[in-house]
Amino acid sequence: MANKRKSFFSFFLIAFFSLCFFSCSDVSGKILYTTATVIFDYETEKSMPKTWFSVFVQTESEAQRGEQLEISTVKSDLTWKINELQFIKNGNKNWVGYSCLLPYENEKIKSGIYKVKYTDSAGNQGESSFLISYNEKLLESNSGDIKKYVTNNLTENIALYDKNDNLLYYGKRKSTWKLDSSIKRDYNSAVYMRKTLSTVSGALLFLLPKEDFNNKEEKR
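Reading guide: rules and limits
Residues numbered from 1 in each chain as written. Predicted model: local features only at pLDDT ≥ 70, side-chain atom pairs only at ≥ 80, totals over all residues. Heavy atoms only, no water. Helix = DSSP H or I, 4+ residues; strand = E, 2+ residues; numbered from the N terminus. Contact = heavy atoms within 4.5 Å. Areas by Shrake-Rupley, 256 points an atom, 1.4 Å probe, with all protein chains shown as cover. Pairing = 2+ DSSP bridges. Axes fitted to C-alpha atoms, helices over the stretch in contact; angles between N-to-C directions. Salt bridge = Lys/Arg side-chain N within 4 Å of Asp/Glu carboxyl O. Buried < 20%, exposed > 50% of the residue type's maximum accessible area, 1.4 Å probe, protein only. Core = buried A, V, L, I, M, F, W, Y, C linked by side-chain atoms within 4.5 Å. Polar contact = N/O pair within 3.5 Å; in protein donor to acceptor, adjacent residues only side chain to side chain. Patch = residues over 30% accessible without salt bridge, like charges linked within 9 Å, V, L, I, M, F, W, Y side chains within 5 Å. Phe/Tyr/Trp six-rings, centres within 6.5 Å; stacked < 30°, edge-to-face > 60°.

Draft legend 1. Broad picture of the overall build of the chain. Scanning the chain from terminus to terminus reveals three helices and 13 strands. Relative to all contacts within the chain whose residues are 6 or more apart in sequence, the contacts with residues 24 or more apart total 61%. Of the roughly 11,900 Å² of accessible surface on the chain, a fraction of 46% belongs to carbon and sulfur atoms.

Right under this line is the structure:
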């Protein structure tokens, strides 16, 4: 499941990152910036979310030279070591990280300060930190309560997928898409849509339930 989720969202995060402003951390060693996103995935309108988080760093050297990331919590002994890194190019910037860091069994993604240690293929290391902060009542609520527990402004986008879960489009709903049939006209291989809500910084991302084009009424 983790591998499928990583593959599924690595493409999604490329599109998501291209629209979001990356949060910046203290410059330290080879790390220039760090961005972290907590993802809340709602399977149905009534279900509580599955959660994980992603961490990407921009480095002084080429991202493809990345060897390992080590993420750890400051107030506990939780540590994630990632050797199978993912690479994202955003403009002239290269990012290296991982899009699917799962919480430990019987644990949750804790709010607080996290440390990240980056190691490149030559053994050079850099360290930085980032903050995760959210209302943990979200973990026990459905998608209808998101705006109840997130006080800052949220940006809405839509993601279109084909039958193989390949991302076809991510961004604002176009003005010409008054009806869902208009979307199908432009993306005839799209079989379902997911609306997303995100904070301006990109620190929190909410994936709303799938909307199957074949099993939904036309909405304006």
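Draft legend 2. Fine view of the pairing of strand 5 (residues 86-90). With five bridges joining them, strand 5 and strand 6 (residues 93-101) adopt antiparallel strand pairing. Residue pairing across strands places glutamine 86 opposite glycine 97, the latter belonging to strand 6.

Draft legend 3. Main features of the sheet that holds strand 4 (residues 79-82). One open sheet accounts for four strands, arranged 4-3-7-8; its pairing is antiparallel. The sheet is open, and its two edges are formed by strand 4 and strand 8 (125-132), each paired on a single side. For this sheet, the mean inter-axis angle between neighbouring strands, taken without regard to orientation, is 15°. Across seven bridges, strand 3 (residues 66-73) lies against strand 7 (residues 112-120) in antiparallel orientation. Across the sheet, residue glycine 66 finds its bridge partner in strand 7, namely aspartate 120.

Draft legend 4. A look at the pattern of salt bridges. Under the defined criterion, the tally for this structure stands at eight salt bridges. Arginine 194 is paired through a salt bridge with aspartate 41; the nearest N and O atoms lie 2.6 Å apart. Placement of arginine 194 in strand 11 (residues 192-199) and of aspartate 41 in strand 1 (residues 31-41) is noted, with a sequence separation of 153 residues between them. When sorted by exposure, arginine 194 lands in the same class as aspartate 41, which is buried.

Draft legend 5. View of the nonpolar core. Ranked by size, the top nonpolar core spans 38 residues in total, and within it Phe40, Phe53, Ile71, Phe130 and Phe206 carry the most contacts. Element by element, the count of residues in this core is highest for strand 1, at five residues. Here isoleucine 71 is in contact with Phe53, Val55, Leu78, Thr79, Trp80, Ile82, Leu101, Tyr114, Lys115, Val116 and Phe130, once residues within four sequence places are set aside. Counting eight residues, the second-largest nonpolar core is a separate cluster that includes Ile158, Trp177, Ile183 and Met193.

Draft legend 6. Structural context of the environment of tyrosine 42. Structurally, the position occupied by tyrosine 42 is in the loop between strand 1 and strand 2 (50-59). Along the primary structure tyrosine 42 and serine 141 are separated by 99 residues, whereas in three dimensions their C-alpha atoms are 9.9 Å apart. Those residues in contact with tyrosine 42, other than ones at most four positions away along the chain, are Ser47, Pro49, Leu138, Ser141, Asn142, Ser143, Ile146, Arg194, Phe206, Leu207, Leu208 and Pro209.

Draft legend 7. Inspection of the side chain of threonine 119 at higher detail. Looking at where threonine 119 falls in the secondary structure, it is placed in strand 7. Residue contacts for threonine 119: discarding those within four places in its chain leaves Gly66, Glu67, Gln68, Asn124 and Gln125.

Draft legend 8. Broad picture of the side chain of asparagine 157. Structurally, asparagine 157 is set in strand 9 (residues 154-161). For asparagine 157, the side chain forms a polar contact with the main-chain nitrogen of lysine 172, separated by 3.1 Å.

Draft legend 9. Region of the structure containing the environment of glutamate 211. Inspection of the secondary structure assignment puts glutamate 211 in strand 13 (residues 211-212). Among the residues examined, glutamate 211 registers a relative accessible area of 18% and is labelled buried.

Draft legend 10. Region of the structure containing a nonpolar patch on the surface. Taken together, the side chains of Val74, Ile113 and Leu131 define a hydrophobic patch exposed on the protein surface, amounting to about 290 Å² of accessible area. In this structure leucine 131 comes out as exposed when scored by relative accessible area, which is 58%.

Draft legend 11. Seen up close, the packing of aromatic side chains. One pass over the structure, following the stated rule, counts eleven aromatic pairs. Here the aromatic rings of tryptophan 80 and tyrosine 114 are separated by 6.5 Å at their centres, their planes lie at 35°, and the arrangement is tilted. Here tyrosine 114 lies in strand 7 and tryptophan 80 lies in strand 4, a separation of 34 residues in the sequence. The buried category is assigned to tyrosine 114, whose relative accessible area is 2%. By way of ring pairs, the aromatic residues Phe53, Trp80, Tyr104, Tyr114 and Phe130 are connected into one cluster.

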